[in-house]
Structure formats: C-alpha cells, structure tokens
Number of protein chains: 2
Amino acid sequence: MARPTDLQLAWFLPYRLSVLSNTISSAMASDYSRRFKLSIPEWRVLAVLADTPNITAADISARTAMDKVAVSRAVADLLAREAIVRAPVAADRRKSHLCLSASGMRMYAEVVPVARRYEQELLNGLTPTDRAALDRIVHVLLERAAVLGPAEGDNPR
Amino acid sequence: MARPTDLQLAWFLPYRLSVLSNTISSAMASDYSRRFKLSIPEWRVLAVLADTPNITAADISARTAMDKVAVSRAVADLLAREAIVRAPVAADRRKSHLCLSASGMRMYAEVVPVARRYEQELLNGLTPTDRAALDRIVHVLLERAAVLGPAEGDNPR
DNA sequence: GGAAATTAGTTACAATTGTAACTAATTTCC
DNA sequence: GGAAATTAGTTACAATTGTAACTAATTTCC
C-alpha cells in the first residue's frame with residue numbers, strides 16, 4: 001500500500017516518542033503548575049536537589065541534560081520563592097552549593113506522590129516483563145541517541 | 001539507600017522519555033534544518049501530505065497531534081517555499097485541500113532516507129523481540145497518556 | 001429566511017526557550 | 001608573578017511556541 005518513498009509518519013519511531021513524551025509532559029506540567037505553580041524545569045531542579053543536596057548549578061546541568069541557562073533560570077525562580085538556599089563555595093567563589101530549604105522539602109514531599117501516581121498509571125498498563133523490557137530499551141536508545149546526535153553534524157556540543 | 005520521599009529522577013519514566021525524545025528530536029532537527037532548512041513541524045506536514053494528499057489543515061492537526069496554529073504556520077511556510085499547493089474546497093470555502101508540489105515531493109524524497117537512517121540507527125541496538133515489545137509498549141503508553149491528561153484536570157482539550 | 005452558534009484558519013500578543021555575549025573568579029603556563 | 005585561557009553562572013536578545021481574539025464561511029434552528 002505504502003509507496004516505496006513513503007515514510008508512514010505514524011510508525012516512525014522518533015515521531016511516536018515525541019508525541020508520547022509531549023502528551024505525558026504536558027499533562028504533568030499543567031497539573032504541577034495548577035497545583036504547585038511549578039514548571040517542569042523547576043520541578044526537575046527540586047528533584048535533583050532532593051536526591052543530592054549541596055551540588056552546584058553545573059552539577060544539576062550534568063545530571064538532568066538541562067541547559068545551564070535553563071538551570072540558572074529555574075534556580076533563580078526557586079531562590080526567589082525560597083524553596084532552595086544558595087551558599088557560595090569558599091574554595092571557588094564562582095560556584096555555589098544549592099540545597100532545598102525546609103519549605104522546599106515540604107513542597108517536594110507534596111509533589112512526589114503526584115509524580116509517582118502518574119508514573120504508576122502509565123506503568124499499570126504494562127506487564128512486568130514489558131516494564132523490564134522498557135527499562136532496557138530506553139537505556140539502549142538513550143545511549144545510541146547520545147552518540148548519534150553530535151556524530152551526525154559538526155556541532156561540538 | 002533512597003529515602004522514602006525520594007523520587008530518583010533518573011529512573012522516573014516521564015523524565016527518561018522526555019530526555020530520550022528531546023535528544024532524538026534535537027539531533028534530527030539540527031540535521032534537517034542544516035541540510036534542508038526544514039523545521040520539525042514543517043517536516044511533519046510534509047510527511048503527512050506525502051502519505052495522504054488533498055487533506056485540510058484540520059486533518060493534519062488531527063493526525064499529528066499538532067496544534068492548529070502550528071499547522072497553520074508550517075503550511076504558510078511551505079506554501080511560501082512552494083513545497084505545497086493549496087486549493088480551496090468548493091463545497092466549503094473555509095477549507096482548503098493541501099498537497100505536495102513537484103518540488104515538495106522531491107524534497108520529501110530527499111529527507112525520507114535521512115529520517116529512515118536515524119530510525120534504523122536507533123533500532124539497530126535492539127533485538128527483534130525488543131523492537132516488537134517497543135511497538136506494543138509505546139502503543140499502550142500513548143493510549144494511557146491520552147486518557148490521563150485531560151482526565152486529571154479540568155482543561156477540556 | 002435570518003439571527004445565533006459553530007467551524008476553519010489566521011493574526012496579534014505573551015510566555016518560554018535557545019544562543020551569544022558578557023562578568024567575575026580561577027587556572028594554566030611562560 | 002602575571003597575561004592568556006578557561007570556567008561558573010547571568011543577562012540581553014532573537015526565535016519559537018502557546019493562548020486568545022479575530023475574520024469569514026457555514027450550519028443550526030426558530
């Protein structure tokens with residue numbers, strides 16, 4: 001049926017992943033922002049700091065694949081709302097260590113169950129075998145995608 | 001190790017899917033735009049019209065999960081570049097049917113192998129079993145995500 | 001038959017995001 | 001020891017995207 005030059009967008013993996021991820025992210029984003037006034041980047045920074053306190057903005061970039069500007073903006077916002085605290089590093093005064101404030105921790109503790117429930121709702125449709133397969137597959141694809149991107153062109157990022 | 005309130009962002013499915021999809025999409029986007037001056041929305045419109053000529057902008061929206069404004073913009077751009085052709089529908093003059101021009105088809109024919117190669121590079125890391133599992137899993141997750149989104153809040157989109 | 005409601009698509013404006021240039025601190029290396 | 005290069009983080013500006021209001025055509029329904 002499909003001509004040889006035809007791609008069948010509906011079955012094209014990058015397209016399907018993009019639709020899937022956007023559907024999930026925008027559902028969650030609208031929920032977070034409605035309930036907690038948190039954007040996705042802010043929520044990510046919160047989550048990383050809950051996991052590993054006293055790291056720098058650059059560390060957050062490295063762990064989240066977020067751009068350093070995006071991190072800077074999210075951090076500025078969370079600081080303004082006093083959800084996190086910034087402490088200059090004595091040994092290198094360009095850096096600051098960040099960690100959650102008491103109220104940031106409370107906020108995080110409130111968001112986590114909501115986030116977990118989303119994930120659970122998604123995973124509930126899958127058999128244990130499929131869940132394991134998904135973990136494996138996403139891992140492989142992430143690795144390959146990371147290599148593919150920079151390799152293809154000339155952008156040295 | 002992880003405290004009970006901790007989410008472990010690195011294992012959080014929505015987060016992993018988002019990083020995966022963004023990595024893939026931005027690699028492809030930079031490649032498309034460098035070689036063909038095509039944005040992702042433009043490429044999607046092109047692909048849908050290659051698959052199904054003579055449909056309306058609204059039809060494209062419905063098939064791609066793109067917002068109608070995004071479609072309108074991509075269409076305007078492709079029209080300006082004469083990659084597609086617009087013909088008013090006699091029976092309902094609010095609508096127009098769109099289809100690829102000869103040069104649009106050539107452009108599409110050039111992009112397809114590049115797109116396919118990307119997909120292939122990704123899939124090459126997976127066993128046939130995993131590929132089949134991925135198809136199934138993405139399908140299930142898409143369905144669940146579609147239900148989850150609107151159900152959670154009050155946005156009637 | 002015609003006012004009120006709906007629909008396709010566009011335009012205007014606001015918010016978000018990406019890129020480049022920048023400041024200030026530190027490191028490298030002659 | 002100090003000029004040149006590097007690094008952390010921010011700021012300014014441009015490009016992209018989302019939302020709301022709009023125009024023009026059509027449909028509904030009294």
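Use the structure listed above.
Let me sum up the structure you'll find in this document.

## Section: the relation of the copies chain B and chain A
And step 1. With an RMSD of 0.0 Å, chain B superimposes on chain A once it is rotated by 180 degrees and translated 0.0 Å along the axis. Here the copies are linked by what is in effect a two-fold axis.
And step 2. Mapped onto chain A, 100% of the interface residues of chain B again fall at the interface, so both copies present the same surface.

## Looking at the environment of Asp67 of chain B
All names here are of chain B.
And step 1. By secondary structure assignment, the location of Asp67 is in the loop between α3 (57–64) and α4 (68–80).
And step 2. With relative accessibility at 43%, the residue Asp67 sits in the partly exposed group.
And step 3. Taking the C-alpha atoms as reference points, Asp67 and Leu46, separated by 21 residues in sequence, lie 16 Å from one another.

## A few points about the nonpolar core
And step 1. Judged by nonpolar contacts, the single largest core of 98 residues is most densely connected at Trp43 of chain A together with Trp43 of chain B.
And step 2. Residue contacts for Trp43 of chain A: discarding those within four places in its chain leaves Tyr32, Leu38, Tyr108, Val111 and Ala115 of chain A together with Leu7 and Phe12 of chain B.

## A few points about the side chain of Arg16 of chain B
And step 1. Inspection of the secondary structure puts Arg16 of chain B in helix α1 (residues 13–36).
And step 2. Arg16 of chain B sits in the buried class, given a relative accessible area of 6%.
And step 3. Those residues in contact with Arg16 of chain B that lie beyond four places of it in its chain are Asp135, Val138 and His139 of chain A together with Ala10 and Trp11 of chain B.

## Brief notes about the protein's contact with DNA strand C
And step 1. In the vicinity of DNA strand C there are 18 residues, among which Arg73 and Arg93 of chain A together with Ala58, Ser72 and Arg94 of chain B approach most closely.
And step 2. For DNA strand C, the backbone portion of the atoms within 4 Å of the protein, that is sugar and phosphate, comes to 54%.
And step 3. Between DNA strand C and Arg94 of chain B there is a distance of 2.6 Å, counted from a base oxygen to a side-chain nitrogen or oxygen.
And step 4. With respect to DNA strand C, the backbone of Ser96 of chain B contributes an N or O atom lying 3.4 Å from a phosphate oxygen.
And step 5. Taken together, the elements giving at least two residues each to the surface near DNA strand C come down to α4 (68–80) of chain A together with α3 and α4 of chain B.
And step 6. At 3 residues, the largest contribution of residues to the surface near DNA strand C is made by α4 of chain B.
And step 7. Residue composition of the surface near DNA strand C, grouped by class: 5 nonpolar, 3 polar and 10 charged.

## Notes on α3 of chain B
And step 1. What α3 of chain B keeps buried is the set Ile60, Ser61 and Thr64 of chain B. Buried residues in α3 of chain B, looked at end-on, bunch into an arc of 105 degrees, giving them a common side. For α3 of chain B, the exposed residues set more than 90 degrees away from the buried face come down to Ala58 and Ala62 of chain B.
And step 2. Those residues of α3 of chain B that are buried lie in contact with α1 (13–36) of chain A together with α2 (40–51), α4 and β2 (96–100) of chain B.
And step 3. Of the residues one or two after α3 of chain B, Ala65 of chain B is the one with positive phi, at around 60 degrees.

## Quick notes on the packing of aromatic side chains
And step 1. Using the criterion set out here, one finds 6 aromatic pairs over all chains in the structure.
And step 2. Plain terms: the ring middles of Trp43 of chain B and Tyr108 of chain B are 6.2 Å apart, the flat faces sit at 20 degrees to each other, and that makes the pair stacked. Linking Trp43 of chain B in helix α2 with Tyr108 of chain B in helix α5 (residues 102–123), this pair joins segments that are 65 residues apart in sequence. Both residues of the pair, Trp43 of chain B and Tyr108 of chain B, count as buried.
And step 3. By the ring-pair criterion, three or more aromatic residues cluster together here, those being Phe12 of chain A together with Tyr32, Trp43 and Tyr108 of chain B.

So, how was this worked out
Residues numbered from 1 in each chain as written. Chains lettered and ligands numbered in written order. Predicted model: local features only at pLDDT ≥ 70, side-chain atom pairs only at ≥ 80, totals over all residues. Heavy atoms only, no water. Least-squares fit on C-alpha atoms with pLDDT ≥ 70 in both. Contact = heavy atoms within 4.5 Å. Helix = DSSP H or I, 4+ residues; strand = E, 2+ residues; numbered from the N terminus. Buried < 20%, exposed > 50% of the residue type's maximum accessible area, 1.4 Å probe, protein only. Core = buried A, V, L, I, M, F, W, Y, C linked by side-chain atoms within 4.5 Å. Near = heavy atom within 4 Å. Polar contact = N/O pair within 3.5 Å; in protein donor to acceptor, adjacent residues only side chain to side chain. Nonpolar A, V, L, I, M, F, W, Y, C, P; charged D, E, K, R; others polar. Arc of directions from axis to C-beta. Phe/Tyr/Trp six-rings, centres within 6.5 Å; stacked < 30°, edge-to-face > 60°.

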